[in-house]
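Now for the letters of each chain:
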Amino acid sequence: MGGGGLLAPCRSGHDEAILDSRFVLVNPFNHNSRFSLPESAWLDLIEELLARDYPVLLITYPSVHKTFMHALIARGLARKIFVFANDTNLGNLIAMVGKAHYCISPSTGTIHLALNLGLKCIGLYPSYDQGRWGSEQLTYITLTTPRNELDSGACATLIAQTMETLKSLEA
């Protein structure tokens, strides 16, 4: 039975970051829906979180890990965030999600797990998924345009809405 791997960023104080009350889980992967942010916008969101001093945990899985790691490295982000390369071990995934305080994701599976562990969550969903997968504890950013049709301005607006929502959840 394999376990995932945590690649800690190379900076001092990373152990304290795990205990930080602002620790944000970012799970940008949802390949079952046309509605999400494109990869570049997820990287922009991670940069924005880091710029506002939020420690970031990114959870990947085998089919996306290598590609997304290359994108993180190209943007200079790989050593600034925590990356957990999950495999098929649900226990490892639960343990890592439980380390965060907030979750941002378009994935209903990740959001359901995070909500059950008591995280404050921001779901980036199309409106039709909000009724189907909704929760009173989930804050929504409504996506009206498929990921492959979003331009940089629309992505910037969605990122700003996500950051504003995250700030409101801290209150």
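All values reported here derive from a predicted model rather than from experimental measurement.

Peer 1: How would you sum up the overall build of the protein? Please name residues and give values.
Peer 2: When its secondary structure is counted, the protein shows 7 helices and 7 strands. Taken from the N to the C terminus, the helices and strands of the protein come in the order β-α-β-α-β-α-β-α-β-α-β-α-β-α. By the burial criterion, 46% of the 171 residues in the protein qualify as buried. Surface summary for the protein: the accessible area is close to 8600 Å², and the carbon and sulfur share equals 52%.

Peer 1: Give a detailed account of the pairing of strand β3 (residues 56–60), specifying residues and quantitative values.
Peer 2: Along a regular strand, successive side chains alternate from one face of the sheet to the other. Extensive coverage of β3 is indicated by the burial of 5 of its 5 residues. Residues Val56, Leu58 and Thr60 line one face of β3 and the alternating positions Leu57 and Ile59 line the opposite face, and both faces are buried. One ladder, built from 3 bridges, connects strand β2 (residues 24–26) with β3; its direction is parallel. Looking across to β3, one finds that Leu25 is bridged to Leu57. Following the backbone out of β2, through helix α2 (residues 39–51) and into the adjacent parallel β3, one traces a crossover that is right-handed. Note on the crossover from β3 through helix α3 (residues 62–74) to strand β4 (residues 82–85): the handedness is right-handed.

So, how was this worked out
- Residues numbered from 1 in each chain as written.
- Predicted model: local features only at pLDDT ≥ 70, side-chain atom pairs only at ≥ 80, totals over all residues.
- Heavy atoms only, no water.
- Helix = DSSP H or I, 4+ residues; strand = E, 2+ residues; numbered from the N terminus.
- Buried < 20%, exposed > 50% of the residue type's maximum accessible area, 1.4 Å probe, protein only.
- Areas by Shrake-Rupley, 256 points an atom, 1.4 Å probe, with all protein chains shown as cover.
- Pairing = 2+ DSSP bridges.
- Right-handed = clockwise from strand over helix to strand, strands pointing away.

By themselves, these observations are geometric and do not establish any function.
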